[in-house]
Structure formats: C-alpha cells, structure tokens
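# An overview of the molecular structure
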Amino acid sequence: MKNTFEHALPNSDGYFGEYGGSFIPPELEVIMKEINQAYIECSQDPAFIAELAHLYKHFVGRPSPIFHAENLSRKHGVDIYLKREDLNHTGAHKINHCLGEALLAKKMGKKKLIAETGAGQHGVALATAAALVGLECDIYMGEVDIAKEHPNVVRMRILGANVIPATHGRKTLKEAVDAAFEAYLKDPITQLYAIGSVVGPHPFPKMVRDFQSIIGNEARVQFQEMTGRLPDNLVACVGGGSNAVGLFTAFLGDESVAIHGVEPAGRSLTEVGEHAATLTLGEPGIMHGFKSYMLKDGDGEPQEVYSVASGLDYPSVGPQHAYLKDSGRVNYGTVNDDEAIDAFFELSREEGIIPAIESSHAVAYALKLAASGVKGSILINLSGRGDKDIDFVVENYGHKYGIETLV
Ligand SMILES: Cc1ncc(COP(=O)(O)O)c(C=O)c1O
C-alpha cells in the first residue's frame, strides 16, 4: 500500500510558506508536541496504517465511487464527474480523519474526544469513531446550527455523545470552536481535541490533510481507469478546507489539472457578516492557534460570518489553502446561497442525488465553469449527502421549487 502520509509541506514547525504554525498558550505547547510525535510514530507504523486501511474498507465502505453525471453533462455541455464521499458511512468525508484521530487518541491513552461541529457532519463522524474505539465524546455546536441541523444532533446523541451548545455571538461554527478550545484548555491531558478540518495549530492542518488525502489518491487512479486520462478540472467547496485539500493533494503536481476551491458568498459579498469568503476578501491573520487568511473586523478580531451552509461559515481557512492561493496553484471562487440551493435541487432532480448544502456550492461552481465555456472534464468532490438539510431546505426554499412545507 502506498504510504499516503508523506508530503513535502508543511515544514517541521507546521508552516506552509508563511502560513500555519502554532500560536497557543504555553500549557498547550507540550501537548501539541506530544500529539505531533505520536502522529509521526503512527504514520510510520505499518500496524496503524493497516488498521486504518481496514476500517476505511470495511467500516466506511471505501473506496467511494466516481460517478459520471451524464444527465448534467449533457445539459451543460461538459463532462461532469462526482467523487461520492456522500456514500461514506455517516454521509460525508469527515469520517476519513475522525477515524485517524480516534485511533491516535486511543494509542495516546486519551479518555475523551472533543470537537466543534458546524453542519454536524464532523460531530456525527467523531461520535461514530468514539463509539467504535471506545472513547467518550463531547461535541460543541452553535445553538443556531443545533436547530438547523437537527437530524445530526439526534444522531450524535444516539451514538452516545454529549452535544454542548455554544451560546455566544452568532452561535455558529466559530463560536463552537471557541467553546471547544476553552473546554480543551481545562483538561488537555485526558482529552484530545479532534479538530474537524485542516485548521488549528500544528500538527492538525497536516494530520487532517494526510488522513483526507485518500480522496484524491483514490480519485486519481479511478478517474484514469474510467477515462484513460486525468480530469481537466477539480472542484471542491472550502469551509476549513479538509475535503478540498483531500481531493487536491494528489493532483497538485499535475500541471494539466486546473484546481478550483469554492467559498460561500452567502447573501452578499459586499456586506460584512453576510458571507464567509475568507480567501476572496480576507487578509493574513492569526486565530484559533494558526496563521492564515482571515476575515477581520475593524479591531482585527474575527468578523461575523454567514452562509446557508453551516459547515462553510468560518472566518478563517486552512493554512495550506492560503499558501495555495498565494502560489497561484489553486483558483478560489465563490457561490452564493441562491446558486447553491439551485444546484442542490438540480443535482437531486437531474441525477437522483441529494447533496449536502456545503457540497452544493461545489456543484454550483462547476455549472458556472461550464457556463463560462470551460471544456473537458470536471471532477467535483461531493463531500456529503443532504439528508441533514432536507427539512431546512424545504421550509426555507421549498416554495421556489414547487414543494410546500410538509409538516
Ligand atoms: C458535507 C460537508 N462538506 C464540506 C464541509 C466543509 O468542511 P471542509 O472545508 O473542512 O471540508 C462540511 C463541514 O461541516 C460538510 O459537512
């Protein structure tokens, strides 16, 4: 088996160029070093690699297939393919890194996994991994997201996790991260903060990236088997950036492959607090223990952010994306709420696949690329399925698409 854990960046201090690093209170420095050391050992341990590979195959159902979306392709005049991370056990890509983080926590003798969640997909995946390996699990979630993503809250509770509301500020993803960090600081010895994306202090952006790289490693082989060549374009949505970096990593050295990350333009790109387009409109800054692009308010604090997709409304982004933007290797664009919801219905009705609202941003962007005259093939990372979103979508947008509220 190919060792998927070897990549040139970050450097040993966790820097991708000027981004990344570790900006944390002194009491966490020793802990992060321990996590980094344990991760280095696990990533070189054939038994750890084999255990994870076994779980990917028999528990998650990997490899996830690539599907040629022929109806959409015909309609838009370009070949559209979907990497079906929505078919993973628990319904999204998040399980890829949660299993890795849970196995690592177990090896380190931790008792409890804690994490933030936005859309609830990371929370469900971590609660699932915790149940599987026998660890306690606390999930911090903004009150607004708890109401919006109700099915995932129920799933986490059934799986035995505690769901703890974040009640300050906008009560969404950033506030959930604040609350989880605070809880972690109280006991970093027996708990492991299993960060839900390629964000946070070193080694998390690297570790989560490595676990998610399986998406691109599989896709590269599958796509070549299906078509005899590499895709011309890759598209993935970017919240913290884990599903995107997971797909992109295997293709970064392929000059013929154009790579597109998609940020949420929400209700308006010109109004503060109405979007979460960090790479598009942000500037370098430090929050939650790492340096990256960041949306700042007048005082240099994180701006309020918004997106219809609970998993995308974060005022920073993984440091590797900041590096990839500055280097010009990846193009970052935006999709607004209405375009994402249109794509949600279009994929559902053209292909019989209901996507997560987060993933719908990637679908919408691919359709924009097609409309702009891009030729060849587009491989979209369908990061998750939309079961969690159906009540919210019908209630708020159903009338536009011929469905009235059902209850
Ligand atoms: C289905 C899905 N896709 C994408 C994301 C965004 O996260 P990331 O950018 O880390 O992939 C989330 C986050 O909750 C999600 O649930």
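Please refer to the structure placed before this passage.
The structure contained in this document is the topic of the report that follows. The structure presented is a predicted model; accordingly, all values stated were derived computationally and were not measured.

Bringing the overall build of the protein chain into the picture now. The number of helices and strands found in the protein chain is 16 helices and 14 strands. Projected onto its principal axes, the C-alpha coordinates of the protein chain cover approximately 55 × 45 × 40 Å. When burial is assessed residue by residue, the protein chain has 62% of its 407 residues classed as buried. Accessible surface computed for the protein chain: about 15200 Å², of which carbon and sulfur atoms make up 52%.

Tracing the backbone through its elements, the reader meets C237 in strand β9 (residues 233–237). Between the C-alpha atoms of C237 and A125, which are 112 residues apart in sequence, the distance is 19 Å. Apart from residues lying up to four places away in sequence, C237 is in contact with N243, A244, V262, L312, E358, S359, H361, A362 and S383.

Right, let's talk about unusual backbone geometry for a bit. Residues L9 and P10 are joined by a peptide bond in cis, for which omega reads 5°. Positive phi, close to 80°, is recorded for T90, a residue that is not glycine. Of note, T90 is situated in the loop between β4 (79–84) and α4 (94–107). Residue K171 is not a glycine yet carries a positive backbone phi of 60°. In this structure K171 comes out as partly exposed when scored by relative accessible area, which is 28%.

Moving on, we get to the side chain of D178. When you line up the elements, D178 lands in helix α8 (residues 173–186). At 3.1 Å, the side chain of D178 and the side chain of H168 are in polar contact. Within the structure, D178 has its side chain in polar contact with the side chain of H288 (distance 2.7 Å). Other than its neighbours up to four places away in sequence, D178 contacts H168 and H288.

What follows deals with the sheet that holds strand β5 (residues 112–117). Sheets are built from strands that pair by backbone hydrogen bonding, the pairs being arranged parallel or antiparallel. Taken together, the 4 strands give an open sheet; going across it, the order is β7-β6-β5-β8, and neighbouring strands pair in parallel fashion. In the strand order of this sheet, the two ends are held by β7 (162–166) and β8 (191–193), each with one partner. When strand polarity is set aside, the average angle formed by the axes of neighbouring strands in this sheet is 25°. For β5 and β8, the ladder comprises 3 bridges, and the chain directions are parallel. Residue pairing across strands places K112 opposite Q191, the latter belonging to β8. Lying over the sheet, helix α5 (residues 121–133) contacts β5 and β6 (136–142), oriented at roughly 165° with respect to β5.

The biggest cluster of nonpolar side chains holds 61 residues, and the ones touching the most others in it are I35, L99, L113, L126, M156, Y184 and Y193. Residues lining this core come from more than one domain, with at least three contributed by each of domain 1 (14–58 + 94–209) and domain 2 (62–91 + 213–401). A340, A343, A366 and A370 belong to the second-largest nonpolar core, a separate cluster that totals 36 residues.

With that settled, the discussion passes to the sheet that holds strand β10 (residues 258–266). Taken in spatial order, the 6 strands of this open sheet run β3-β4-β14-β9-β10-β13, and their pairing is mixed. Bordering the open sheet on either side are β3 (66–68) and β13 (330–336), each of which pairs with just one other strand. Neighbour to neighbour, the strand axes of the sheet diverge by 25° on average, direction disregarded. Pairing analysis gives 7 bridges linking β10 to β13, with the strands arranged parallel.

Surveying the vicinity of the ligand reveals 18 residues, the closest of which are S197, G239, G241, S242 and S383. With respect to the ligand, the side chain of S197 contributes an N or O atom lying 2.6 Å from an oxygen atom. Separating an oxygen atom of the ligand from a side-chain N or O atom of S242 is a distance of 2.7 Å. Protein coverage of the free-state accessible area of the ligand, which is 390 Å², stands at 98%. Placement of the ligand is best described as lying within the largest cavity. Split by residue class, the shell around the ligand holds 5 nonpolar, 11 polar and 2 charged. When residues of the shell around the ligand are assigned to domains, at least three fall in each of domain 1 (14–58 + 94–209) and domain 2 (62–91 + 213–401).

Mapping Q303 onto the fold places it in the loop between β12 (290–294) and α13 (319–327). For the pair formed by Q303 and K174, sequence separation is 129 residues and the distance between their alpha carbons is 9.9 Å. In this view, Q303 contacts V272, G273, H275, L295, K296, D297 and P315; residues no more than four positions away in its chain are not counted. Only 2.9 Å separates the side chain of Q303 from the backbone oxygen of K296, close enough to count as a polar contact.

In the structure shown here, the tally under the stated rule is 0 disulfides. Of all cysteine sulfurs, the one in C137 lies closest to C98, which takes part in no disulfide; the gap is 8.5 Å. Accessibility expressed as a relative area gives 5% for C137, which makes it buried.

Reading the values: rules and limits
Residues numbered from 1 in each chain as written. Predicted model: local features only at pLDDT ≥ 70, side-chain atom pairs only at ≥ 80, totals over all residues. Heavy atoms only, no water. Helix = DSSP H or I, 4+ residues; strand = E, 2+ residues; numbered from the N terminus. Buried < 20%, exposed > 50% of the residue type's maximum accessible area, 1.4 Å probe, protein only. Areas by Shrake-Rupley, 256 points an atom, 1.4 Å probe, with all protein chains shown as cover. Contact = heavy atoms within 4.5 Å. Polar contact = N/O pair within 3.5 Å; in protein donor to acceptor, adjacent residues only side chain to side chain. Pairing = 2+ DSSP bridges. Axes fitted to C-alpha atoms, helices over the stretch in contact; angles between N-to-C directions. Core = buried A, V, L, I, M, F, W, Y, C linked by side-chain atoms within 4.5 Å. Domains from an automatic or database assignment. Near = heavy atom within 4 Å. 1 Å grid on protein atoms, 1.4 Å probe; cavity = no way out; pocket = protein on both sides within 12 Å on 5 of 7 lines; lining within 4 Å. Sits in = over half its atoms within 2 Å of the grid points. Nonpolar A, V, L, I, M, F, W, Y, C, P; charged D, E, K, R; others polar. Disulfide = S-S within 2.5 Å.

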